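# Structural overview for review
Letter by letter, the chains look like this.
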Amino acid sequence: LITNDSLHTKDELEDTRVKLQNCERMKEEVEQDLQVSREKVAELTLREDEREEEHEQLMQEITTKVRALKQELNETAGTLEQREQELREATVTIKRLEQEKRASEVER
């Protein structure tokens, strides 16, 4: 009986050691997977940060270009208004000169 119990206990102990070794191996694998996952998360976070920085720089460039274009448009519009005013004044002058010419011809 004692020998049987001893063998049975020895077998149970060996089974428990095997289970423990398997658990330790599985734990190491899970820890390795966890480390790989952490590294991937860190890499993706870095990439996301880089993308956000690139996006921010691009938005700043676009904003600068839009402001420059608006300023150019305002200057062009101002110049256009000035040219239109000059054209109106020239048209008025031409009409006045034509009227003066006709009046001069009528006097002759």
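Data block above holds the structure.
Not measured: the values here are computed from a predicted model.

## Here's the deal with the overall build of the protein
The helix and strand inventory of the protein stands at one helix and zero strands. Over its C-alpha atoms the protein spans a radius of gyration of 46 Å, topping by over 25% the 13 Å that the globule rule assigns to 108 residues. Of all 108 residues assigned to the protein, the portion counted as buried reaches 0%. Here the protein has roughly 10700 Å² of accessible surface; of this, 54% comes from carbon and sulfur atoms. When the 19 basic and 30 acidic side-chain charges of the protein are each reduced to a single mean position, those positions are 9 Å apart.

## Topic: the pattern of salt bridges
Across all of its chains, the model carries seven salt bridges by this definition. A salt bridge links Arg 83 to Glu 86, with the nearest nitrogen and oxygen atoms 3.2 Å apart. Residue Arg 83 and its partner Glu 86 are both found in helix H1 (residues 2–107); the two are separated by three residues, about one turn of the helix. Look at Arg 83 and you get partly exposed, because its relative accessible area is 49%.

Definitions and limits used
Residues numbered from 1 in each chain as written. Predicted model: local features only at pLDDT ≥ 70, side-chain atom pairs only at ≥ 80, totals over all residues. Heavy atoms only, no water. Helix = DSSP H or I, 4+ residues; strand = E, 2+ residues; numbered from the N terminus. Rg over C-alpha atoms; globule rule 2.2 N^0.38 Å. Buried < 20%, exposed > 50% of the residue type's maximum accessible area, 1.4 Å probe, protein only. Areas by Shrake-Rupley, 256 points an atom, 1.4 Å probe, with all protein chains shown as cover. Lys, Arg positive; Asp, Glu negative; His and termini not counted. Charge placed at Lys NZ, Arg CZ, Asp CG, Glu CD. Salt bridge = Lys/Arg side-chain N within 4 Å of Asp/Glu carboxyl O.

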